[in-house]
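# Structural overview for review
The residues making up each chain are set out below.
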Amino acid sequence: MKHIIRKILREEFNKTNLKKGYELKGSQWLFDFIRYEEGNPKQKGKPVLTSYKISGDKWTIGYGHTTGDVEPKVTPNMTITKEEAEKILSNDLTYSANCVRRIFKEWESKGIDVLITQNMFDVLTSLVFNSGCDTVRKSSFIQQLKDGDYSTAGEKIKGWNISYPGHVDRREKESQHFLS
C-alpha cells in the first residue's frame with residue numbers, strides 16, 4: 001500500500017525531473033545560495049577572510065566553515081584568501097552532498113525507493129551544510145520524504161532547526177526551492 005501511495009505522490013512532480021538521490025550533484029544554485037547565506041553578513045555573497053567566533057568556542061571562516069570533519073581547523077585570528085574560501089566551500093559542500101547520497105543509498109539498501117528532484121537534493125545538501133548530517137538524518141521532514149510525502153517534507157523545512165533569526169528567511173527559501 002505504501003508503494004502505491006508513494007507512486008501517487010510522485011505524480012505531483014514531473015517524472016522526468018525525479019532521480020535517485022545518490023546520483024545527483026550540487027547545482028550552481030546550491031553554491032550561490034550558500035555563498036549568499038553563509039558569506040559575509042555585510043557583503044552578501046563574499047567570504048569572511050578572517051575567523052570570527054559564532055557561539056561558545058566555535059569559530060568560522062570563509063562561507064560558514066567551522067572546525068568539523070572537513071579541513072582546515074578554524075582558529076582565532078586565522079586568515080585565508082578568497083581562493084582558499086572557495087576551495088573550502090567546495091570541500092564542505094562535497095562532504096554535505098556525500099551525506100545526502102549516503103542517506104539515499106541506505107534507504108535503497110532497505111528497499112525504500114525515493115526519487116527526488118535536483119532542487120530537493122540541493123536543499124537537503126544546504127540543510128546538512130547548515131545543521132550537520134546526523135541532525136538532518138533524524139529530522140521529521142526527512143521521515144516525510146522517506147515516505148514519499150514531498151509536500152509535507154517541504155513544508156516542514158520552514159520551521160525546522162531554527163537557531164538564529166536569519167534561519168527563518170533561509171528556511172522559507174529552502175522550502176520554496178525544495179517544492180519548486
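Bear in mind the structure is a predicted one, so any value in this text is a computation, not a measurement.

All right, on to the state of the cysteines then. Inspection of the entire model under this criterion finds 1 disulfide. For C99, the disulfide goes to C133, at an S-S distance of 2.0 Å. Taking the sign of the S-S torsion, about 85 degrees here, the bridge from C99 to C133 comes out right-handed. Placement of C99 in helix α3 (residues 82-109) and of C133 in helix α5 (residues 133-137) is noted, with a sequence separation of 34 residues between them. Across the pair, C133 and C99 agree in class, each one buried.

Moving on to the pattern of salt bridges. A side chain with one charge can pair with a side chain of the opposite charge if their charged atoms come near. Within this structure, the stated rule accounts for 14 salt bridges. The salt bridge involving K110 is made with E106; its shortest N-O contact spans 3.4 Å. With relative accessibility at 32%, the residue E106 sits in the partly exposed group. In this structure, R137 and E106 form a salt bridge, with 2.9 Å as the shortest nitrogen-oxygen distance. Pair noted here: R137 is in helix α5 and E106 is in helix α3, with a separation of 31 residues, a long-range link. Residue class for R137 comes out partly exposed when judged on its relative accessible area of 25%. Each of the salt bridges in this network shares a partner with another, and the network as a whole consists of D32, R35, K82 and E86.

What counts as what
Residues numbered from 1 in each chain as written. Predicted model: local features only at pLDDT ≥ 70, side-chain atom pairs only at ≥ 80, totals over all residues. Heavy atoms only, no water. Disulfide = S-S within 2.5 Å. Helix = DSSP H or I, 4+ residues; strand = E, 2+ residues; numbered from the N terminus. Buried < 20%, exposed > 50% of the residue type's maximum accessible area, 1.4 Å probe, protein only. Salt bridge = Lys/Arg side-chain N within 4 Å of Asp/Glu carboxyl O.

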